[in-house]
Amino acid sequence: MLRLNCFFQANEGMYDAALEAALVLTAHSVKEEGCIAYDTFESATRPDVFMICETWADADALAKHMAGDVFKAQVARLEELGRMKLEQFEFPAQ
C-alpha cells in the first residue's frame, strides 16, 4: 500500500483556481481502480495551502493513475498555479 501527501502552496491570487483543480482531480481519482482513499484538505492556519492525501493499493495502481489524462491535465494546471511538495510512504500489505 502506498500513501502520498502532496502539499500545495498557491501563488498569490491563485488559491481558488488551484483548489478547483485539486477537487476535479480528487473526484476523478477516488473512482479509479486501486484507489483506497483520495481527499483534499485545506489548511486551518494558512489561507494559501492545501494538501492532497492519497492511498493506493500498490505501485501499479499509482502508475496507472499518474498516466491518466485527468491526472496529467490537473497536475499541469496545479504546477502553473503554485508549488507542490510530495511525500511518499510505503506500507506492507496486511
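Preceding block: the structure.
The structure presented is a predicted model; accordingly, all values stated were derived computationally and were not measured. (Residues numbered from 1 in each chain as written. Predicted model: local features only at pLDDT ≥ 70, side-chain atom pairs only at ≥ 80, totals over all residues. Heavy atoms only, no water.)

Undergrad: Before we move on, could you go through the overall build of the chain and cite the residues and values that matter?
TA: Counting its regular elements, the chain contains three helices and four strands. Written out in order from the N terminus, the α and β elements of the chain read β-α-β-β-α-α-β. In terms of overall dimensions, the chain has a C-alpha envelope of 40 × 30 × 20 Å along the principal axes. Per-residue burial over the chain gives 37% buried out of 94 residues. Intrachain contacts of the chain at a sequence separation of at least 6 include 68% that bridge at least 24 residues. Surface exposure of the chain reaches about 5,900 Å², of which carbon and sulfur atoms provide 54%. (Helix = DSSP H or I, 4+ residues; strand = E, 2+ residues; numbered from the N terminus. Buried < 20%, exposed > 50% of the residue type's maximum accessible area, 1.4 Å probe, protein only. Contact = heavy atoms within 4.5 Å. Areas by Shrake-Rupley, 256 points an atom, 1.4 Å probe, with all protein chains shown as cover.)

Undergrad: Can you lay out the environment of Val-70 for me, pointing to particular residues and giving the numbers?
TA: With respect to the element layout, Val-70 can be found in helix H3 (residues 69-81). C-alpha separation for the pair Val-70 and Asp-48, spaced 22 residues apart in sequence, amounts to 23 Å. In contact with Val-70, other than residues within four places in its own chain, are Leu-25 and His-28.

Undergrad: Could you give an account of the packing of aromatic side chains, naming the residues involved and the relevant values?
TA: Enumeration over the complete set of coordinates arrives at three aromatic pairs. Within the aromatic cluster, the residues linked to one another by ring pairs are Phe-8, Tyr-15 and Phe-50. (Phe/Tyr/Trp six-rings, centres within 6.5 Å; stacked < 30°, edge-to-face > 60°.)

Undergrad: Residue-level account of H3, with values.
TA: For H3, with 13 residues, the first-to-last C-alpha span of 19 Å sits near the 18 Å given by 1.5 Å per residue. Those residues of H3 that are buried lie in contact with strand S1 (2-10), helix H1 (15-29), strand S3 (49-56), helix H2 (59-67) and strand S4 (82-90). (Expected span 1.5 Å × (residues − 1).)

Undergrad: A description of the layout of surface pockets should follow, citing residues and the corresponding values.
TA: To find the voids left in a structure, one rolls a probe of water-molecule size over its atoms. By volume, the largest pocket is sized at about 200 Å³. Around the largest pocket, the lining is made up of 14 residues, and of these Cys-6, Phe-71, Val-75, Met-84 and Leu-86 lie nearest the centre. Going through the elements one at a time, S1, S3, H2, H3 and S4 are the ones with two or more residues in the lining of the largest pocket. It is H3 that provides the largest number of residues to the lining of the largest pocket, a total of four residues. Taken together, the residues of the lining of the largest pocket break down into 12 nonpolar, no polar and two charged. (1 Å grid on protein atoms, 1.4 Å probe; cavity = no way out; pocket = protein on both sides within 12 Å on 5 of 7 lines; lining within 4 Å. Points joined across faces, edges and corners; volume = space filled by probe spheres on them. Nonpolar A, V, L, I, M, F, W, Y, C, P; charged D, E, K, R; others polar.)

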